[in-house]
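# Chains, contacts and geometry: an overview
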Amino acid sequence: MDIVYLTLMTVLTSAFAAILGQGGGLLLMGILAGFVPAPALIAVHAVVQASSNGSRAFLAQRDIKWPLILPVAVGIVLGASLVLPFISIVNWQWMQAVIALYILWLTWGQRLNLPKIFNTNSKPGLPFIKLGFLQGSLGMALGATGPLGNALLLSKGLNKESIVASNAVIMLLSHLIKILFFSLMGVQLLNHALLLLFLCIAATAGSFVGTYLRKKFPEEIFFPIFKGLLTLLAIRMFLLAFY
């Protein structure tokens with residue numbers, strides 16, 4: 001019965017993420033935590049989310065902003081590589097507060113005089129290398145970091161389809177790097193092969209459903225909901241840093 005429940009929840013969370021471009025990964029992480037052993041949790045979650053984001057990107061491929069992807073990919077590899085030796089010895093919980101504040105700044109602080117490190121109007125590509133570095137490093141420890149990419153893409157004025165499609169590729173790259181690095185660290189994903197098979201199929205099905213529904217959303221409704229959800233996710237992350 002556990003695998004049936006997890007399959008259903010994966011369809012729903014993947015569809016939710018395909019509609020709004022975010023939130024599904026965090027929801028699924030919380031659900032999987034009750035069923036998957038802690039040492040394998042982030043790696044198992046990464047495999048399922050790679051299926052979810054990969055299928056979402058495939059369905060929206062014409063809206064992907066490919067020039068933004070290369071600097072993110074460079075940053076992801078750098079971030080994950082540099083943090084790998086410290087994964088087991090650093091307490092990463094407090095970093096959730098940093099991520100939360102960064103998301104809130106990108107979402108609501110565009111009229112503020114931000115510190116240079118947070119300036120999204122700096123040299124072309126640099127904000128996306130920073131994003132990739134954060135995705136690669138913090139994603140290894142925290143699992144679901146999708147709101148980071150969405151907040152930056154939102155600040156660049158992209159339309160809803162481009163935000164969802166481009167962040168799907170960014171998160172796909174992030175999850176693939178996590179799968180590789182956690183496998184090198186000794187996580188035996190084959191021990192969860194049957195579960196992963198069901199959940200990957202479910203994640204792909206959810207992407208199809210959610211993509212269909214997203215196209216029914218007018219942008220004047222999508223963006224207020226999108227920004228509101230980003231804000232709620234950021235507040236949640238901030239609070240989790242202290243509990």
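Our subject is the structure that appears above.
Residues numbered from 1 in each chain as written. Predicted model: local features only at pLDDT ≥ 70, side-chain atom pairs only at ≥ 80, totals over all residues. Heavy atoms only, no water.

Scanning the chain from terminus to terminus reveals ten helices and zero strands. Counting helices and strands in the order they occur from the N terminus, the chain gives α-α-α-α-α-α-α-α-α-α. Here the chain holds 243 residues, and 55% of them are scored as buried. The long-range share in the chain, meaning contacts at least 24 apart out of those at least 6 apart in sequence, stands at 83%. In the structure as shown, the chain presents an accessible area of about 11400 Å², 72% of it carried by carbon and sulfur atoms. (Helix = DSSP H or I, 4+ residues; strand = E, 2+ residues; numbered from the N terminus. Buried < 20%, exposed > 50% of the residue type's maximum accessible area, 1.4 Å probe, protein only. Contact = heavy atoms within 4.5 Å. Areas by Shrake-Rupley, 256 points an atom, 1.4 Å probe, with all protein chains shown as cover.)

Further remarks concern the environment of Val48. Along the polypeptide, Val48 turns up in helix α3 (residues 38-59). As a C-alpha pair, Val48 and Leu28 span 20 residues in sequence and 9.3 Å in three-dimensional space. In contact with Val48, not counting residues within four places along its chain, are Thr10, Leu28, Leu196, Leu199, Cys200 and Ala203.

Turning to the pattern of salt bridges, a few remarks are in order. Applying the stated criterion across every chain, the model contains three salt bridges. Across the pair Lys160 and Glu161 runs a salt bridge whose closest N-O atoms are separated by 2.8 Å. A residue is classified by how much of its surface remains accessible, and Glu161, at 12% relative accessible area, is buried. Linking Glu161 and Lys215 is a salt bridge whose minimum nitrogen-to-oxygen distance equals 3.8 Å. Here Glu161 is found in helix α8 (residues 160-184), whereas its partner Lys215 is found in the loop between α9 (193-214) and α10 (219-240), with 54 residues between them in sequence. Members of the salt-bridge network, linked through shared partners, are Lys160, Glu161, Arg214 and Lys215. (Salt bridge = Lys/Arg side-chain N within 4 Å of Asp/Glu carboxyl O.)

Turning next to the environment of Ala100. Of note, Ala100 is situated in helix α5 (residues 95-108). Separated by 138 residues in the primary sequence, Ala100 and Phe238 have C-alpha atoms spaced 5.4 Å apart. Apart from residues lying up to four places away in sequence, Ala100 is in contact with Ala234, Met237 and Phe238.

Each aromatic ring pair is characterised by the separation of its centres together with the angle its planes make. Counted under the stated rule, the structure contains five aromatic pairs. One aromatic cluster is present, formed by Phe222, Phe223 and Phe226 through successive ring pairs. Note that Lys227 overlies the ring of Trp108, its terminal NZ or CZ placed 4.4 Å from the centroid. (Phe/Tyr/Trp six-rings, centres within 6.5 Å; stacked < 30°, edge-to-face > 60°. Lys NZ or Arg CZ within 6 Å of the ring centre and 35° of its normal.)

None of this, on its own, says anything about what the molecule does.
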